[in-house]
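Spelled out, the chains give:
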Amino acid sequence: MSTNEEIASLYSQYVMNTYVPSLTLVSGKGCKVKDADRMQYLDFTGGIAVQATGHCHPKVVAAIQDQAQTLVHCSNLFYNVNQCLLAKKLSEIGLGGKVFFCNSGAEANEAMIKLARLWGHESGRYEVICMQNSFHGRTLATLSATGQSKVQAGFDPLMIGFRFAEYNNLDSVKALVGDKTVAILLEAVQGEGGVLPATDEFLRGVRALCDERNLLMLCDEVQCGMGRTGKWFAWEHAGIRPDACTLAKALGAGLPIGALLATPRLSNVFTPGSHGSTFGGNPLATAAALAQIQVIEEEGLIEHADEMGRKFREALAPFVEKYDDLLEVRGRGLMVGLVVKGSAKEVAAAFREQCLLCCVAGEHVLRFLPPLNVTEDELEEGVEMMSYAFEELYGEA
Ligand SMILES: *Cc1c(COP(=O)(O)O)cnc(C)c1O
């Protein structure tokens, strides 16, 4: 079998250098993964919030196997059973209207931006107010909507029609609303931007502003959706509803799928030919999504995520008390951020030495996205690994 080092060397020769991985993962089960050197790790990256039911949940695996030997793909020139069942389910748990399927978060957000433009077209409105430090994807439209210069650098001219307000500051949003404004786009918990939840007050304020000015409220739930924050959708915490939202990461249990969900009033804005996707909602990806949703419901994983998230944040809080280098624990449900004074990458590397994997968000935030079915024991194990890493890094306080 190839080693971590051999695979890394093949990558450097043949794969474009857009990421900087450190390990080759070869297998996973639940919250554990193994690398090419046969080391086992506790995986709090969850494939960047994708593996909601953990790696290789038996019911998800069975659904994928079953569908793979029946019909993998047929294009959207034909109906397929799984796609409409998934749309029905997402409509019921979500916004009560129709669903459009694609293959990724960026694509789902592209669809949402196109929907808003098409809806606003007659009134000549196209401008979308986005948030500073947001993240909406890497395609040209979604990176233009992303409020981080590092994502945009070198790709100008960017697409026009996006303006940036300060997150959690309603006045700064209001100040940008003009004749051309058609929508306000935000993440109810910013993920890549640093695991920063919107305040309920801000979300309600944006909702009210949209109602008042006839704007669409668009929520990017690609990372914070699918139960991760302790609700199916993170906007639910504020008791409001957007006009449309997107899902992707955790939707397909690891198979590539994205979705745009709309309220009934936006459900017929797209018409035959106005948007499309060859792969979107294919039988295999939707089979995985249906199985994963069933597992989330059967195993009560949304309530579990809420409870585990609270316990996890409580377990991290003493470290912030103890070490001056640790500044804050934040997040919602099992979307947890730990803000550090120094380099988050360095701390993540120290965790890896202890066989714990996590993500970083920006320079200074460690981001934990364990599967929603992570156990209390696994969380404790992770916290213990962190305590060793902190001792190594910062010494006894
Ligand atoms: C990851 C992410 C995206 C982009 O999803 P891709 O599947 O990588 O295109 C968009 N929005 C948010 C909030 C994300 O976290």
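Since this is a predicted model, take the numbers as computed values, not measurements.

Asker: So what exactly am I meant to see when it comes to the nonpolar core here?
Answerer: Burial of nonpolar side chains together is a common tendency in soluble globular proteins. If you look at the biggest cluster of nonpolar residues, it comprises 100 residues, and the most contacted ones within it are Phe44, Leu90, Ile184, Phe351, Leu366, Phe368 and Met386. Every residue in contact with Phe351, bar those within four places of it in the chain, is listed here: Leu356, Cys358, Leu366, Phe368, Met386, Ala389 and Phe390. Cys102, Leu115, Ala244 and Val269 belong to the second-largest nonpolar core, a separate cluster that totals 23 residues.

Asker: Any chance you could explain the sheet that holds strand E3 (residues 40–43) here in plain terms?
Answerer: Strands pair in a sheet through their backbones, by hydrogen bonds, and they do so in one of two ways: parallel or antiparallel. Pairing in this open sheet of 4 strands is mixed, and the strands run E1-E2-E3-E15 from one edge to the other. Taken across any chain shown, the strands that pair with only one partner, and hence form the sheet edges, are strand E1 (25–29) and strand E15 (356–357). Bridge analysis of strand E2 (residues 32–35) against E3 gives 3 bridges, and the strand direction is antiparallel. Bridging across to E3, Val33 finds its partner in Tyr41. Lying over the sheet, helix H13 (residues 376–394) contacts E2, E3 and E15, oriented at roughly 105° with respect to E3.

Asker: Help me out: how do you make sense of the packing of helix H4 (residues 81–93) against helix H10 (residues 283–298) in this one?
Answerer: Angle between the axes and distance between the axes are the two parameters that describe a pair of packed helices. At a minimum axis distance of 8 Å, the contact between H4 and H10 shows a crossing angle of 40°. Between H4 and H10, the angle is such that the two are oblique. Crossing handedness for the pair H4 and H10: left-handed. Only Pro283, Thr286, Ala287, Ala289, Leu290, Ile293 and Glu297 of H10 make contact with H4, whose side of the interface consists of Asn82, Gln83, Leu85, Leu86, Lys89 and Leu90.

Asker: Is there a simple way to explain H13 in this structure?
Answerer: What sets the pattern is the α-helix's 3.6 residues per turn: residues three or four places apart point alike. Counted at 1.5 Å a residue, the expected span for H13 with its 19 residues is 27 Å, and the 26 Å between its end C-alpha atoms agrees. Inspection of H13 places Glu378, Leu379, Gly382, Val383, Met385, Met386, Ser387, Ala389 and Phe390 among the buried residues, and these make up the whole buried set. Within two residues after H13, Gly395 carries a phi angle of roughly 70°, on the positive side.

Asker: Please explain the pattern of salt bridges as it appears in this structure.
Answerer: Any two side chains of opposite charge can pair, on the condition that their charged atoms come close. One pass over the full model with this rule turns up 14 salt bridges. One salt bridge in this structure joins Asp200 and Arg332, with 3.1 Å as the shortest N-O distance. Residue Asp200 is found in helix H9 (residues 200–213), and its partner Arg332 is found in strand E13 (residues 326–332); the two are separated by 132 residues along the sequence. Measuring nitrogen to oxygen at the nearest pair gives 2.8 Å for the salt bridge that ties Asp211 to Arg207. One end of the pair is Asp211 and the other is Arg207, both in helix H9 and 4 residues apart, which spans about a single turn. Its relative accessible area of 52% is what places Asp211 among the exposed residues. Through salt bridges that share partners, Arg207, Asp211, Asp243 and Arg265 make up one connected network.

What counts as what
Residues numbered from 1 in each chain as written. Predicted model: local features only at pLDDT ≥ 70, side-chain atom pairs only at ≥ 80, totals over all residues. Heavy atoms only, no water. Core = buried A, V, L, I, M, F, W, Y, C linked by side-chain atoms within 4.5 Å. Buried < 20%, exposed > 50% of the residue type's maximum accessible area, 1.4 Å probe, protein only. Contact = heavy atoms within 4.5 Å. Pairing = 2+ DSSP bridges. Helix = DSSP H or I, 4+ residues; strand = E, 2+ residues; numbered from the N terminus. Axes fitted to C-alpha atoms, helices over the stretch in contact; angles between N-to-C directions. Parallel < 35°, antiparallel > 145°, perpendicular 65-115°, else oblique. Left-handed = near helix turned anticlockwise from the far one by under 90°. Expected span 1.5 Å × (residues − 1). Salt bridge = Lys/Arg side-chain N within 4 Å of Asp/Glu carboxyl O.

By themselves, these observations are geometric and do not establish any function.
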